[in-house]
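Geometric and topological summary
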Amino acid sequence: MDQAKRDTIIQELTKVYWMELEATINYLAISVDLDGIRAEEIKKSLAADIQTEITHAKDLAARIKEIGGKVPGSFEFKPGQSSLQPPESTTDVVAAIHGVIEAEDAAIEQYNKIIRLCDGIDYVTQDLCIRLLADEETHRREFRGFLKEYE
């Protein structure tokens, strides 16, 4: 693979790496901040998904390094998940659910972008992203199911 293509793949992997870490931060906050009986299942699901998101970030960091990139530190972090911020009202479960779905949609879009970018060039990165994409799709489906109870 030529250097320009490698650099593009590293750049896109780094973007999704930050998305996974930012989701971890927001899932932690929401899983603690939500209040009420109706929030319990959402809180449990988000708390359980924190480890999944960290594992995704670790896998992405390892791949970035493996293909010649440098894993960035926190000074390079620029938050972007405005919809996934903890809701103003700690009982606004619907806002939290919508935020998770929107964040999952963005991650799914990014993984699909990388999968297409790697096609015929970097099968290992492509395989990693296909595996992580499956996790994101499962999590989105779960939260779409939660949303059905509230609509």
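Residues numbered from 1 in each chain as written. Predicted model: local features only at pLDDT ≥ 70, side-chain atom pairs only at ≥ 80, totals over all residues. Heavy atoms only, no water.

Following both chains from N to C, one finds helix α1 (residues 3-33) and helix α2 (residues 40-66) inclined at 160°, their axes separated by 8 Å at the closest point. Taken as axis vectors, α1 and α2 run roughly antiparallel relative to one another. Where α1 crosses over α2, the handedness of that crossing is left-handed. (Axes fitted to C-alpha atoms, helices over the stretch in contact; angles between N-to-C directions. Helix = DSSP H or I, 4+ residues; strand = E, 2+ residues; numbered from the N terminus. Parallel < 35°, antiparallel > 145°, perpendicular 65-115°, else oblique. Left-handed = near helix turned anticlockwise from the far one by under 90°.)

On to the environment of I115, then. On the secondary structure map, I115 appears in helix α3 (residues 93-118). I115 sits in the buried class, given a relative accessible area of 14%. I115 sits twelve residues away from D127 along the chain, and the two C-alpha atoms are 7.9 Å apart. Not counting chain neighbours up to four residues away, the residues in contact with I115 comprise Q126, C129, I130 and L133. (Buried < 20%, exposed > 50% of the residue type's maximum accessible area, 1.4 Å probe, protein only. Contact = heavy atoms within 4.5 Å.)

Where two aromatic rings form a pair, the distance of their centres and the angle of their planes describe that pair. Taken as a whole and judged by the stated rule, the model has three aromatic pairs. Seen in terms of ring centroids, F143 and F146 are 5.0 Å apart; in terms of plane orientation they differ by 90°. Their pairing is edge-to-face. Here F146 and F143 lie together in helix α4 (residues 123-150), a separation of three residues that amounts to about one turn. Under the relative-accessibility criterion, F146 is labelled buried at 14%. Each residue in the set Y17, W18 and F77 is aromatic and connected to the rest through ring pairs, giving one cluster. (Phe/Tyr/Trp six-rings, centres within 6.5 Å; stacked < 30°, edge-to-face > 60°.)

In this section: the packing of α3 against α4. Where α3 meets α4, the closest approach of the two axes is 8 Å, and the angle between their N-to-C directions is 160°. Taken together, α3 and α4 sit at an angle that is classed as roughly antiparallel. Between α3 and α4 the crossing geometry is left-handed. Taken together, the residues that form the contact of α3 with α4 break down as 19 nonpolar, five polar and six charged. (Nonpolar A, V, L, I, M, F, W, Y, C, P; charged D, E, K, R; others polar.)

Let's shift gears to the pattern of salt bridges. Once the charged atoms of two side chains with opposite charge are near each other, the side chains can pair. Within the structure shown, the criterion is met by eight salt bridges. Across the salt bridge formed by E40 and K43, the nearest N and O atoms sit 4.0 Å from each other. Of this pair, E40 and K43 both sit in helix α2, three residues apart, roughly one helical turn. Overall, E40 belongs to the partly exposed group, its relative accessible area being 35%. According to the relative accessible area criterion, K43 is buried, its value standing at 18%. One salt bridge connects R140 with D105, and the closest N-O pair in it is separated by 2.9 Å. Separated by 35 residues along the polypeptide, R140 in helix α4 and D105 in helix α3 bring together distant segments of the chain. Residue class for R140 comes out buried when judged on its relative accessible area of 17%. (Salt bridge = Lys/Arg side-chain N within 4 Å of Asp/Glu carboxyl O.)

Glancing now at the nonpolar core. What tends to happen in soluble globular proteins is that the nonpolar side chains get buried as a cluster. By size, the foremost hydrophobic cluster in this structure holds 23 residues, and its most contacted members are L13, Y17, L60 and Y111. Looking at this core, the elements with two or more residues in it are α1, α2, α3 and α4. Those residues in contact with Y17 that lie beyond four places of it in its chain are A57, L60, A61, I64, V71 and P72. In this structure, I42, L46, I50 and A96 belong to the second largest nonpolar core, which totals 18 residues. (Core = buried A, V, L, I, M, F, W, Y, C linked by side-chain atoms within 4.5 Å.)

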